[in-house]
Amino acid sequence: MHCEWETCFVEIAGKPAILRCDTAAGRELAQIDAPNLLQVQLELEGPDADGLPGPQDRERVRDLGRELREWLAAVGGRLVAELTGNGLHSWFFYVPCGWLEGANLVHRIGLRRGVSLGVEMRPDARHKVYEALLPTENETRRTRNLQALSALMERGDDLRQPRPVEHAVRFDNRTQAVAFADWARRQGYVVVGMQTLDGGAVVLQFQRVMAPEMARLDADTAGIMAAARQLGGVYQGWQTEVRLAQAG
(Lines give C-alpha, C1' and ligand atoms only; values in the text may rest on other atoms or scores of the structure.)
Protein backbone atom coordinates (compact mmCIF):
# COMPACT_ATOMS: atom_id res chain seq x y z
CA MET A 1 0.00 0.00 0.00
CA HIS A 2 1.46 3.35 -1.11
CA CYS A 3 0.70 6.40 1.07
CA GLU A 4 1.39 10.09 0.49
CA TRP A 5 0.21 11.93 3.59
CA GLU A 6 -0.24 15.69 3.39
CA THR A 7 -1.04 17.85 6.40
CA CYS A 8 -2.95 21.12 6.00
CA PHE A 9 -4.23 23.82 8.33
CA VAL A 10 -7.85 24.50 7.43
CA GLU A 11 -10.89 26.23 8.90
CA ILE A 12 -14.23 24.66 9.81
CA ALA A 13 -17.03 27.09 10.62
CA GLY A 14 -14.41 29.79 11.16
CA LYS A 15 -12.35 27.73 13.61
CA PRO A 16 -8.87 26.24 13.01
CA ALA A 17 -8.52 22.55 12.21
CA ILE A 18 -5.79 20.18 11.06
CA LEU A 19 -6.47 17.92 8.07
CA ARG A 20 -4.29 14.95 7.10
CA CYS A 21 -5.11 13.30 3.78
CA ASP A 22 -3.48 10.42 1.95
CA THR A 23 -3.33 11.97 -1.51
CA ALA A 24 -2.34 8.60 -3.02
CA ALA A 25 -5.38 6.76 -1.66
CA GLY A 26 -7.56 7.60 -4.66
CA ARG A 27 -5.56 5.30 -6.95
CA GLU A 28 -6.02 2.36 -4.58
CA LEU A 29 -9.70 3.07 -3.90
CA ALA A 30 -10.41 2.70 -7.60
CA GLN A 31 -9.02 -0.85 -7.47
CA ILE A 32 -10.67 -2.21 -4.31
CA ASP A 33 -14.25 -2.95 -3.34
CA ALA A 34 -14.77 -0.51 -0.47
CA PRO A 35 -18.03 1.33 -1.16
CA ASN A 36 -18.83 2.55 2.37
CA LEU A 37 -17.29 5.47 4.24
CA LEU A 38 -16.81 4.81 7.95
CA GLN A 39 -16.14 7.85 10.14
CA VAL A 40 -14.87 7.26 13.68
CA GLN A 41 -14.84 10.19 16.08
CA LEU A 42 -13.12 10.77 19.43
CA GLU A 43 -13.79 13.61 21.85
CA LEU A 44 -10.50 15.15 23.02
CA GLU A 45 -9.85 15.22 26.76
CA GLY A 46 -7.72 18.37 26.92
CA PRO A 47 -8.01 20.49 23.79
CA ASP A 48 -6.24 23.83 23.69
CA ALA A 49 -7.97 27.18 23.34
CA ASP A 50 -8.39 26.62 19.58
CA GLY A 51 -9.98 23.18 20.04
CA LEU A 52 -6.85 21.36 18.86
CA PRO A 53 -5.20 18.43 20.71
CA GLY A 54 -3.29 19.26 23.87
CA PRO A 55 -0.21 17.29 24.98
CA GLN A 56 -2.23 14.60 26.79
CA ASP A 57 -4.33 13.92 23.68
CA ARG A 58 -1.62 13.53 21.06
CA GLU A 59 -0.31 10.16 22.19
CA ARG A 60 -3.83 8.85 22.80
CA VAL A 61 -4.94 9.86 19.30
CA ARG A 62 -1.80 8.32 17.75
CA ASP A 63 -2.17 4.97 19.58
CA LEU A 64 -5.89 4.71 18.96
CA GLY A 65 -5.42 5.56 15.30
CA ARG A 66 -2.82 2.81 14.95
CA GLU A 67 -5.19 0.22 16.38
CA LEU A 68 -8.10 1.37 14.23
CA ARG A 69 -5.94 1.11 11.10
CA GLU A 70 -4.78 -2.40 11.98
CA TRP A 71 -8.24 -3.77 12.79
CA LEU A 72 -10.00 -2.17 9.84
CA ALA A 73 -7.23 -3.15 7.43
CA ALA A 74 -7.86 -6.76 8.47
CA VAL A 75 -11.40 -6.52 7.03
CA GLY A 76 -10.26 -4.67 3.88
CA GLY A 77 -10.60 -1.12 5.14
CA ARG A 78 -8.45 1.82 3.97
CA LEU A 79 -7.71 4.95 6.02
CA VAL A 80 -7.84 8.02 3.77
CA ALA A 81 -7.96 11.05 6.09
CA GLU A 82 -7.91 12.41 9.65
CA LEU A 83 -9.42 15.69 10.84
CA THR A 84 -8.82 17.42 14.18
CA GLY A 85 -10.71 20.49 15.33
CA ASN A 86 -13.36 21.87 17.66
CA GLY A 87 -12.31 19.44 20.39
CA LEU A 88 -12.80 16.35 18.19
CA HIS A 89 -10.62 13.98 16.17
CA SER A 90 -12.08 11.98 13.26
CA TRP A 91 -10.73 9.12 11.16
CA PHE A 92 -12.18 8.40 7.70
CA PHE A 93 -12.03 4.83 6.36
CA TYR A 94 -13.44 3.24 3.22
CA VAL A 95 -14.59 -0.28 4.04
CA PRO A 96 -16.21 -3.23 2.23
CA CYS A 97 -18.26 -4.26 5.26
CA GLY A 98 -21.70 -3.06 6.29
CA TRP A 99 -22.82 -0.91 9.20
CA LEU A 100 -23.24 -3.65 11.78
CA GLU A 101 -19.80 -5.20 11.29
CA GLY A 102 -18.05 -1.84 11.18
CA ALA A 103 -19.85 -0.46 14.24
CA ASN A 104 -19.23 -3.62 16.27
CA LEU A 105 -15.54 -3.59 15.42
CA VAL A 106 -15.16 0.07 16.49
CA HIS A 107 -17.19 -0.63 19.64
CA ARG A 108 -14.83 -3.46 20.62
CA ILE A 109 -11.81 -1.18 20.13
CA GLY A 110 -13.45 1.47 22.30
CA LEU A 111 -14.06 -1.07 25.06
CA ARG A 112 -10.43 -2.24 24.88
CA ARG A 113 -9.21 1.34 25.15
CA GLY A 114 -11.79 2.54 27.64
CA VAL A 115 -13.00 5.34 25.38
CA SER A 116 -16.31 6.27 23.80
CA LEU A 117 -16.10 6.40 20.01
CA GLY A 118 -18.71 7.87 17.71
CA VAL A 119 -19.38 5.92 14.51
CA GLU A 120 -21.11 6.93 11.30
CA MET A 121 -21.32 5.07 7.99
CA ARG A 122 -22.58 6.29 4.65
CA PRO A 123 -22.54 4.76 1.14
CA ASP A 124 -19.95 6.43 -1.09
CA ALA A 125 -18.98 4.01 -3.86
CA ARG A 126 -17.60 6.86 -6.00
CA HIS A 127 -15.51 8.23 -3.12
CA LYS A 128 -16.91 11.75 -3.36
CA VAL A 129 -16.27 12.46 0.32
CA TYR A 130 -12.59 11.61 -0.12
CA GLU A 131 -12.34 13.99 -3.07
CA ALA A 132 -14.01 16.74 -1.01
CA LEU A 133 -11.57 16.19 1.86
CA LEU A 134 -8.46 16.62 -0.29
CA PRO A 135 -6.75 19.95 0.47
CA THR A 136 -7.24 22.75 -2.03
CA GLU A 137 -4.33 24.58 -3.63
CA ASN A 138 -5.00 27.57 -1.35
CA GLU A 139 -4.98 25.38 1.78
CA THR A 140 -1.74 23.72 0.71
CA ARG A 141 -0.10 27.06 -0.09
CA ARG A 142 -1.10 28.65 3.21
CA THR A 143 0.03 25.60 5.16
CA ARG A 144 3.47 25.67 3.57
CA ASN A 145 3.77 29.39 4.29
CA LEU A 146 2.78 28.87 7.93
CA GLN A 147 5.24 26.00 8.31
CA ALA A 148 8.07 28.05 6.81
CA LEU A 149 7.29 31.03 9.04
CA SER A 150 7.11 28.77 12.09
CA ALA A 151 10.55 27.38 11.23
CA LEU A 152 11.93 30.92 11.06
CA MET A 153 10.39 31.84 14.43
CA GLU A 154 11.89 28.73 16.01
CA ARG A 155 15.29 30.11 15.02
CA GLY A 156 14.53 33.41 16.74
CA ASP A 157 13.48 35.36 13.66
CA ASP A 158 11.76 38.71 14.11
CA LEU A 159 9.30 38.52 11.21
CA ARG A 160 8.62 42.26 11.44
CA GLN A 161 12.05 43.06 10.04
CA PRO A 162 12.19 43.66 6.25
CA ARG A 163 14.65 41.60 4.24
CA PRO A 164 14.90 40.09 0.71
CA VAL A 165 12.38 37.27 0.22
CA GLU A 166 13.36 35.19 -2.81
CA HIS A 167 10.96 33.07 -4.88
CA ALA A 168 11.66 30.49 -7.58
CA VAL A 169 9.52 29.23 -10.48
CA ARG A 170 10.44 26.41 -12.85
CA PHE A 171 9.54 26.53 -16.56
CA ASP A 172 9.91 24.10 -19.44
CA ASN A 173 11.83 26.60 -21.57
CA ARG A 174 13.49 30.01 -21.58
CA THR A 175 10.68 31.72 -23.50
CA GLN A 176 8.23 31.02 -20.68
CA ALA A 177 10.78 32.16 -18.08
CA VAL A 178 11.45 35.46 -19.89
CA ALA A 179 7.72 36.19 -20.15
CA PHE A 180 7.30 35.53 -16.43
CA ALA A 181 10.33 37.70 -15.61
CA ASP A 182 8.55 40.61 -17.31
CA TRP A 183 5.47 39.97 -15.16
CA ALA A 184 7.59 39.78 -11.99
CA ARG A 185 9.27 43.13 -12.71
CA ARG A 186 5.87 44.77 -13.25
CA GLN A 187 4.85 43.53 -9.79
CA GLY A 188 7.90 45.18 -8.17
CA TYR A 189 10.18 42.12 -7.94
CA VAL A 190 13.87 42.13 -8.86
CA VAL A 191 14.99 39.19 -11.04
CA VAL A 192 18.20 37.78 -9.54
CA GLY A 193 18.81 34.61 -11.55
CA MET A 194 17.76 32.44 -14.49
CA GLN A 195 19.31 28.97 -14.38
CA THR A 196 19.04 26.52 -17.28
CA LEU A 197 18.89 22.89 -16.14
CA ASP A 198 19.75 19.67 -17.95
CA GLY A 199 17.02 19.01 -20.50
CA GLY A 200 16.30 22.68 -21.14
CA ALA A 201 14.12 23.52 -18.12
CA VAL A 202 14.70 26.95 -16.59
CA VAL A 203 14.41 28.11 -12.97
CA LEU A 204 13.74 31.82 -12.52
CA GLN A 205 14.66 33.44 -9.19
CA PHE A 206 13.29 36.83 -8.14
CA GLN A 207 12.89 38.73 -4.90
CA ARG A 208 11.71 41.83 -3.12
CA VAL A 209 12.43 43.42 0.24
CA MET A 210 9.58 42.93 2.69
CA ALA A 211 8.70 41.78 6.18
CA PRO A 212 7.68 38.11 5.72
CA GLU A 213 4.41 38.38 7.61
CA MET A 214 1.65 35.93 6.78
CA ALA A 215 -0.93 38.21 5.14
CA ARG A 216 1.47 39.79 2.66
CA LEU A 217 3.37 36.58 2.00
CA ASP A 218 0.12 34.72 1.37
CA ALA A 219 -0.98 37.37 -1.15
CA ASP A 220 2.39 37.28 -2.91
CA THR A 221 2.55 33.50 -3.23
CA ALA A 222 -1.06 33.32 -4.46
CA GLY A 223 -0.31 35.84 -7.21
CA ILE A 224 2.94 34.14 -8.20
CA MET A 225 1.32 30.71 -8.43
CA ALA A 226 -1.55 32.01 -10.58
CA ALA A 227 0.75 33.86 -12.97
CA ALA A 228 3.19 30.94 -13.19
CA ARG A 229 0.38 28.52 -14.00
CA GLN A 230 -0.82 30.73 -16.88
CA LEU A 231 2.67 30.60 -18.41
CA GLY A 232 3.20 26.87 -17.85
CA GLY A 233 5.44 27.22 -14.80
CA VAL A 234 5.51 25.50 -11.41
CA TYR A 235 6.16 27.46 -8.23
CA GLN A 236 9.13 26.06 -6.28
CA GLY A 237 8.72 28.07 -3.06
CA TRP A 238 10.42 30.93 -1.25
CA GLN A 239 13.32 31.47 1.12
CA THR A 240 14.82 34.24 3.20
CA GLU A 241 17.58 34.82 5.73
CA VAL A 242 16.86 34.91 9.45
CA ARG A 243 16.69 38.33 11.07
CA LEU A 244 17.13 38.02 14.81
CA ALA A 245 15.24 40.27 17.18
CA GLN A 246 17.40 43.22 18.16
CA ALA A 247 18.30 43.52 21.84
CA GLY A 248 17.12 46.57 23.70
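Above: the structure in question.
In short, a report on the structure.

Let's shift gears to the overall build of the chain. The helix and strand tally for the chain stands at seven helices and 10 strands. In terms of overall size, the chain is more extended than a compact globule, its C-alpha atoms giving a radius of gyration of 22 Å where 248 residues would be expected to give roughly 18 Å. With respect to the three principal axes, the spread of C-alpha positions in the chain is 60 × 50 × 30 Å. Every one of the 248 residues in the chain was classed for burial, and the buried ones make up 43%. Long-range pairs, those at least 24 residues apart, make up 70% of the contacts in the chain with a sequence separation of at least 6. When the accessible surface of the chain is totalled, it reaches about 13500 Å², and 49% of it is carbon and sulfur. A distance of 3 Å separates the average location of the 29 positive side-chain charges in the chain from that of its 33 negative side-chain charges.

What follows concerns the sheet that holds strand β10 (residues 234-240). As a general point, the strands of a sheet are linked pairwise by backbone hydrogen bonds and lie either parallel or antiparallel. On the basis of which strands lie adjacent, the open sheet formed by four strands has the order β8-β9-β7-β10 and antiparallel pairing. In the strand order of this sheet, the two ends are held by β8 (190-196) and β10, each with one partner. In this sheet, adjacent strand axes meet at a mean angle of 20° when their direction is disregarded. Direction of pairing for strand β7 (residues 163-171) relative to strand β9 (residues 202-210): antiparallel, over a ladder of nine bridges. Residue pairing across strands places His167 opposite Phe206, the latter belonging to β9.

What follows is about the sheet that holds strand β4 (residues 78-85). Taken together, six strands build an open sheet; the order of strands is β1-β2-β4-β5-β3-β6 and the sheet is antiparallel. At either margin of the open sheet sits one strand with a lone partner, and together these are β1 (5-12) and β6 (117-123). Averaged over all pairs of adjacent strands, the angle between strand axes in this sheet comes to 20°, irrespective of strand direction. Sheet topology note: the strand β3 (residues 36-43)/strand β5 (residues 88-95) ladder contains eight bridges and is antiparallel. When the bridges of β5 are listed, Gln39 appears paired with Phe92. Strand contacts of helix α2 (residues 55-74): β3, β4, β5 and β6, with the helix running at about 15° to β5, the strand carrying the most contacts.

This brings us to the packing of aromatic side chains. Applying the stated criterion across every chain yields a total of five aromatic pairs. Aromatic pair Tyr189 and Phe206: ring centres 5.2 Å apart, planes at 80°, arrangement edge-to-face. Of the two residues, Tyr189 sits in the loop between α6 (174-186) and β8 while Phe206 sits in strand β9, which places them 17 residues apart along the sequence. One aromatic cluster is present, built from ring pairs that chain together Phe171, Phe180, Trp183, Tyr189 and Phe206. Geometry around Trp5 places Arg20 over its ring, the cationic atom sitting 4.4 Å from the centre.

Below, the discussion takes up the pairing of β4. In terms of burial, β4 is largely enclosed, as eight of its eight residues are buried. Relative to β4, strand β2 (residues 15-22) runs antiparallel, the two sharing five bridges. By the bridge assignment, Ala17 is partnered in β4 with Gly85. As paired elements, β4 and β5 share seven bridges and run antiparallel to each other. Looking at the pairing, Gly85 lines up with Leu88 of β5. Here β4 folds back onto β5, and the loop between the two strands holds two residues, one of which, Asn86, carries a positive phi near 55°.

It is worth spelling out the nonpolar core at this point. The biggest cluster of nonpolar side chains holds 23 residues, and the ones touching the most others in it are Val169, Phe180, Trp183, Phe206, Ile224 and Trp238. Among the elements of the structure, α5 (137-154), β7, α6, β9, α7 (214-230) and β10 are those that each provide at least two residues to this core. Residue contacts for Trp183: discarding those within four places in its chain leaves Tyr189, Gly223, Ile224 and Ala227. Within the second largest apolar cluster, 19 residues are counted, among which are Leu38, Phe93, Val115 and Met121.

Definitions and cut-offs
Residues numbered from 1 in each chain as written. Predicted model: local features only at pLDDT ≥ 70, side-chain atom pairs only at ≥ 80, totals over all residues. Heavy atoms only, no water. Helix = DSSP H or I, 4+ residues; strand = E, 2+ residues; numbered from the N terminus. Rg over C-alpha atoms; globule rule 2.2 N^0.38 Å. Buried < 20%, exposed > 50% of the residue type's maximum accessible area, 1.4 Å probe, protein only. Contact = heavy atoms within 4.5 Å. Areas by Shrake-Rupley, 256 points an atom, 1.4 Å probe, with all protein chains shown as cover. Lys, Arg positive; Asp, Glu negative; His and termini not counted. Charge placed at Lys NZ, Arg CZ, Asp CG, Glu CD. Pairing = 2+ DSSP bridges. Axes fitted to C-alpha atoms, helices over the stretch in contact; angles between N-to-C directions. Phe/Tyr/Trp six-rings, centres within 6.5 Å; stacked < 30°, edge-to-face > 60°. Lys NZ or Arg CZ within 6 Å of the ring centre and 35° of its normal. Core = buried A, V, L, I, M, F, W, Y, C linked by side-chain atoms within 4.5 Å.

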